[in-house]
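This is what each chain is made of:
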Amino acid sequence: MGIYASTAYPLARDIYYGLYALQHRGQESCGIVVNEDGVFHSKKDLGQVSQVFTEEELAHFPEGSMAVGHVRYGTTGGNNRNNCQPMEVNHQKGKMALAHNGNISNAYELRTELELSGAIFHSTSDTEIIAYIVTRERLKTGSIEAAVLAAMNYLEGAYSIAVMSATKLIIARDPHGFRPLCYGQKPDGTYVAASETCALEAVGAKYVRDVEPGELIVFSENGVESMRDHCETKPRSTCIFEYIYFARPDSVIDGVSVHAARLKAGEILARNYPVLADVVVGVPDSGLDAALGYSRYSGIPYGIGFIKNKYIGRTFISPSQNERTSGVRIKLNPLKETVAGKRVVLVDDSIVRGTTSKRIVHLLREAGAKEIHVRISSPPFLSPCYYGTDIDTKENLVACNYSLTEIAELIGADSLGYLPLDSLSELVGHDGYCHACFSGQYATRVPEVTSKERFEKRLSKL
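Residues numbered from 1 in each chain as written. Predicted model: local features only at pLDDT ≥ 70, side-chain atom pairs only at ≥ 80, totals over all residues. Heavy atoms only, no water.

1. What to know about the pairing of strand E17 (residues 279–282)
A two-sided burial pattern is seen for E17, the buried positions comprising Val279 and Val281 on one face and Val280 and Gly282 on the other. The pairing of E17 with strand E20 (residues 343–348) spans four bridges and is parallel. Bridging from a neighbouring strand, Gly282 pairs with Val347 of E20. (Buried < 20%, exposed > 50% of the residue type's maximum accessible area, 1.4 Å probe, protein only. Helix = DSSP H or I, 4+ residues; strand = E, 2+ residues; numbered from the N terminus. Pairing = 2+ DSSP bridges.)

2. Brief notes about a nonpolar patch on the surface
A surface patch of nonpolar side chains, amounting to about 280 Å² of accessible area, comprises Tyr302, Ile304 and Ile307. Its place among the elements puts Tyr302 in the loop between helix H10 (288–298) and strand E18 (306–308). The class for Tyr302 is partly exposed, based on a relative accessible area of 35%. (Patch = residues over 30% accessible without salt bridge, like charges linked within 9 Å, V, L, I, M, F, W, Y side chains within 5 Å. Areas by Shrake-Rupley, 256 points an atom, 1.4 Å probe, with all protein chains shown as cover. Salt bridge = Lys/Arg side-chain N within 4 Å of Asp/Glu carboxyl O.)

3. Some thoughts on the state of the cysteines
Considering all chains together, one arrives at zero disulfides under this definition. We note that Cys434 lacks a disulfide partner, and the nearest cysteine sulfur, in Cys239, lies 6.3 Å from it. Look at Cys434 and you get buried, because its relative accessible area is 10%. (Disulfide = S-S within 2.5 Å.)

4. Some words on the environment of Arg262
Along the chain, Arg262 turns up in helix H9 (residues 258–272). C-alpha of Arg262 to C-alpha of Leu292: the two residues are 30 residues apart in sequence and 8.9 Å apart in space. One polar contact links the side chain of Arg262 to the main-chain carbonyl oxygen of Ile244, over a distance of 3.4 Å. (Polar contact = N/O pair within 3.5 Å; in protein donor to acceptor, adjacent residues only side chain to side chain.)

5. What about the pairing of strand E21 (residues 371–376)?
With five of its six residues buried, E21 lies for the most part within the structure. Sheet topology note: the E20/E21 ladder contains six bridges and is parallel. Counted as the bridge partner of Asp348 is Ile376 from E21. Handedness of the crossover joining E20 and E21 through helix H13 (residues 355–366): right-handed. Here four bridges tie E21 to strand E22 (residues 415–418), and the two strands are oriented parallel to one another. (Right-handed = clockwise from strand over helix to strand, strands pointing away.)

6. Re the sheet that holds E22
One open sheet accounts for four strands, arranged E17-E20-E21-E22; its pairing is parallel. Strands with a single pairing partner mark the edges of an open sheet, and in this sheet they are E17 and E22. Direction aside, the axes of adjacent strands within the sheet are offset by 20° on average. On the sheet, helix H14 (residues 404–411) packs against E21 and E22 and is oriented at approximately 120° with respect to E22. (Axes fitted to C-alpha atoms, helices over the stretch in contact; angles between N-to-C directions. Contact = heavy atoms within 4.5 Å.)

7. Quick notes on the side chain of Arg25
Along the polypeptide, Arg25 turns up in the loop between helix H1 (12–21) and strand E2 (29–36). At 2.7 Å, the side chain of Arg25 forms a polar contact with the side chain of Glu196.

8. Let's talk about the pattern of salt bridges
Scanning the model with the defined rule gives 27 salt bridges in all. Between Lys140 and Glu137 there is a salt bridge, with the nearest N and O atoms lying 3.5 Å from each other. Take Lys140: its relative accessible area is 57%, and that puts it in the exposed class. Close ionic contact of Arg343 with Asp278 constitutes a salt bridge, the shortest N to O distance being 2.9 Å. On the criterion of sequence distance, the pair formed by Arg343 in strand E20 and Asp278 in the loop between H9 and E17 is long-range, its members being 65 residues apart. The structure contains a network of salt bridges with shared partners spanning Arg25, Arg179, Glu196 and Glu242.

This is the structure in structure tokens:
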């Protein structure tokens, strides 16, 4: 997230509110950097926004005219303080703070090349690689925006970035547009950039538009400038899982309502996998909209099947399997009045390893459900993702090892149905999306070294 204002004000608080709205996108760490007349003030640490930024911490930030913020969901590099963002660089031509959403698929070869030329890295995140390349190009070019444009020639994979210099705020989106990026404007003229529209609304900014794939936008004292050197150089490949899981339902990505896309997914499931049942329930939160869509199309009543502990984060993006399993135990509690003695349609967004789904089905059995028919609002995960979703090996994907019937038996369901792969375009109304994790059809080269902790593992051998 980034903010550019014509006059200084306590904008750390606005960044805080925006990051709170984006907390669903990352729970490992967070950070804010405020620009006070070219002097950077920062706070970054492990934990969620409310844990890292107390009222006292926010009060320590000075007024400023620019700021960037970040919540981290790590897909390259472990969960440690060195990998917290935004990343800051002091170089010969000035200062820079950079926040990045996505995953650089050629990070391993880029870092190897940089290290062989003498670069020294302090983190194991691919974001530092972006920062290093931008800095290198800045020493050759006449402006920070020219440096970012030049750096984009070297980067492969997914990146929506915000770069703050002493005088400018720059946002850019990779040529495929894997991850979302948009900007809006507050009534006083302040510009706000964020991954999702829900963050704009959280700080009182009105949505202006999405950043186009390959586009770079500069906010400065000269106004707003769009640079489109990398636009239309690659096929659009917006991550379809943004609509199924990642994004908040009240966000709009590339003109498509996330809520509407999930309702459509539920409708498609009801068309393809009808069943005699008494109630449709969704797994909070990303399964709720699809469950409502299933209910509306099928005519089966919609019910609240689970009470969610709102102080527990998203289990899918927890760093380890143990954390995901433990999170489910204390996150959800079934509502017996809804499911006891009934045939239940249970709608969830995905099955990755199967352990979470098995636990949820077990909870419904304990609550007295007579039958449980699981419907998943995405196709089966069959391939790793290299663009910002933490699915890195086929060995961990249940759909790679078991048939549909076997998965149903494994998780304890009476029946199971996935969203058909060929129906994904119905969710967004076009074919410009990435479905590699479901189909194995990648928009970029498949990297040779793919482990999330590949840089930690390399360091451990030294």
